[in-house]
Amino acid sequence: MLLIIALGALYVRYGQFAWAQGILSGLTPAAAGLIVAVAARIAEPMIRRAQLVPILIGLVIFIAIGVLRLPLLAVLAVAIPISIAFTAWRRP
Amino acid sequence: MKPTAPLADVALHFLSLSLLAIGGANAVVPEMHRHAVEVAGWMSDKQFADLFAIAQVAPGPNIIIVTLIGYHVAGLAGALTATAAMCGPTCLLAYVLGSTWERYRDAPWRRIIQDGLVPVSIGLVAATALVLAQVATTTWRAALVVVATALVCYFTRLNPLWPFATAALLGLTGLV
């Protein structure tokens, strides 16, 4: 926690320096790349199972949040009940 | 124009986020970005992406991006407020509901809720990946780093710190 606050302070103070900008210009896209890989890894089992509705739900949320940038609360308020209802209906 | 004091805004934003974080911190990054960059105007796209990268590299859970955003907005008080707001309600909820949730470990409704949340959290993390990839892709070389890191991390079991160190070095030498 203290370390993180120290890092935050370093970024606020030195973030605009050329060397810090240099490091971050490599690090920032790498961090984004890691999350792309994480997303692919967790999506893989769902896609393998090849059930249409869960894939559709995942895809709709991906588009609503990632592309359309809709508010999270509204999206979840619709998506979670639908997803749970479908799961319940599939396995009585 | 900011309707509320930054500290109060930080507290409110992360309090509400903490209850929506299905699938962990990585699931709510687009909402953090939407608020921090687009709604509240706390920082630029680039600053947000930088803070996310720092949170990834630093030891500790990914949720520490919240601490960094709080610090950026309102210094030490902001960092503490943001962290408490993000973790407080979840800890309390886990404490209150945890034993109940354990007791019904084999109950069918519990499995239904858990399984129902899986596609939701997958969609959310995928959205996080898209938003961050867009924000981080400022040049074609940065795009290459995004793709290369994604491929390395997806297809190998290599510790992500290796691609991170390589990318940081490429950045420092001006190659990216």
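Please refer to the structure placed before this passage.
From a predicted model like this one, the values you see are computed outputs, not experimental measurements. (Residues numbered from 1 in each chain as written. Chains lettered and ligands numbered in written order. Predicted model: local features only at pLDDT ≥ 70, side-chain atom pairs only at ≥ 80, totals over all residues. Heavy atoms only, no water.)

Of the regular secondary structure elements, chain B holds seven helices and zero strands. When the elements of chain B are put in sequence order from the N terminus, they spell out α-α-α-α-α-α-α. With the C-alpha coordinates aligned to their principal axes, the bounding extent of chain B is approximately 55 × 45 × 25 Å. By sequence separation, contacts in chain B at least 24 residues apart represent 53% of the contacts at least 6 residues apart. For chain B, the exposed area adds up to about 8500 Å²; of that, 69% sits on carbon and sulfur atoms. Positive and negative side-chain charges in chain B, numbering 9 and 8 respectively, have mean positions lying 6 Å apart. (Helix = DSSP H or I, 4+ residues; strand = E, 2+ residues; numbered from the N terminus. Contact = heavy atoms within 4.5 Å. Areas by Shrake-Rupley, 256 points an atom, 1.4 Å probe, with all protein chains shown as cover. Lys, Arg positive; Asp, Glu negative; His and termini not counted. Charge placed at Lys NZ, Arg CZ, Asp CG, Glu CD.)

Bringing the overall build of chain A into the picture now. The helix and strand tally for chain A stands at four helices and zero strands. Counting from the amino terminus, chain A carries its helices and strands in the arrangement α-α-α-α. Relative to the globule expectation of 12 Å for 92 residues, the C-alpha radius of gyration of chain A, 19 Å, shows a markedly less compact shape. Judged by the C-alpha coordinates and their principal axes, chain A covers about 60 × 30 × 25 Å. (Rg over C-alpha atoms; globule rule 2.2 N^0.38 Å.)

What follows deals with the nonpolar core. Within the largest apolar cluster, 64 residues are counted, with the highest numbers of intra-cluster contacts made by Phe 14, Met 32, Phe 48 and Ile 69 of chain B. Beyond its immediate chain neighbours, meaning those up to four positions away, Met 32 of chain B contacts His 13, Phe 14, Leu 17, Ala 25, Phe 48, Ile 65, Val 66 and Ile 69 of chain B. (Core = buried A, V, L, I, M, F, W, Y, C linked by side-chain atoms within 4.5 Å. Buried < 20%, exposed > 50% of the residue type's maximum accessible area, 1.4 Å probe, protein only.)

Another point: the pattern of salt bridges. Summed over the entire model, instances satisfying the criterion amount to seven salt bridges over all chains. Here Arg 69 of chain A makes a salt bridge to Glu 38 of chain B, at a shortest N to O gap of 3.5 Å. You can see Arg 69 of chain A sitting in the loop between helix 3 (52-67) and helix 4 (72-90) and its partner Glu 38 of chain B sitting in helix 2 (residues 29-39), one on each of two chains. Because the salt bridges share partners, they merge into one network encompassing Glu 102, Arg 105 and Arg 110 of chain B. (Salt bridge = Lys/Arg side-chain N within 4 Å of Asp/Glu carboxyl O.)

Turning our attention to unusual backbone geometry. Residue and element names in this part refer to chain A. In this model, Ala 50 sits at a positive phi of 55 degrees, which is unusual for a non-glycine residue. Secondary-structure assignment places Ala 50 in the loop between helix 2 (18-49) and helix 3. With phi around 55 degrees, Arg 69 is a residue other than glycine that occupies positive phi space.

Listed per partner, the contact involves 69 residues of chain B and 56 residues of chain A. Taking both sides of the interface into account, the surface hidden between chain B and chain A amounts to around 5300 Å²; carbon and sulfur atoms contribute 78%. Taken together, the links from chain B to chain A amount to 11 residue pairs in polar contact (both at pLDDT 80 or more). Where the side of chain B that touches chain A is concerned, the elements lending two or more residues are helix 2, helix 3 (45-57), helix 4 (65-103), helix 5 (108-136), helix 6 (140-155) and helix 7 (161-172) of chain B. For the side of chain B that touches chain A, the leading source of residues is helix 5 of chain B, giving 21 residues. Residue composition of the side of chain B that touches chain A, grouped by class: 48 nonpolar, 14 polar and seven charged. (Buried area = accessible area lost by both parts, 1.4 Å probe. Polar contact = N/O pair within 3.5 Å; in protein donor to acceptor, adjacent residues only side chain to side chain. Nonpolar A, V, L, I, M, F, W, Y, C, P; charged D, E, K, R; others polar.)

Residue and element names in this part refer to chain B. Structurally, Val 152 can be placed in helix 6. Counting along the chain gives 94 residues from Val 152 to Ala 58, while the straight-line C-alpha distance between them is 20 Å. Aside from chain neighbours lying at most four places away, what touches Val 152 is Leu 158 and Pro 163.

Position of Ala 39 of chain A among the secondary structure elements: in helix 2. In this structure Ala 39 of chain A comes out as buried when scored by relative accessible area, which is 7%. In this structure, the C-alpha to C-alpha distance between Ala 39 of chain A and Arg 90 of chain A, residues 51 residues apart in sequence, is 25 Å. Discounting residues that sit within four places of it in the chain, Ala 39 of chain A has contacts with Val 125, Ala 126 and Ala 129 of chain B.

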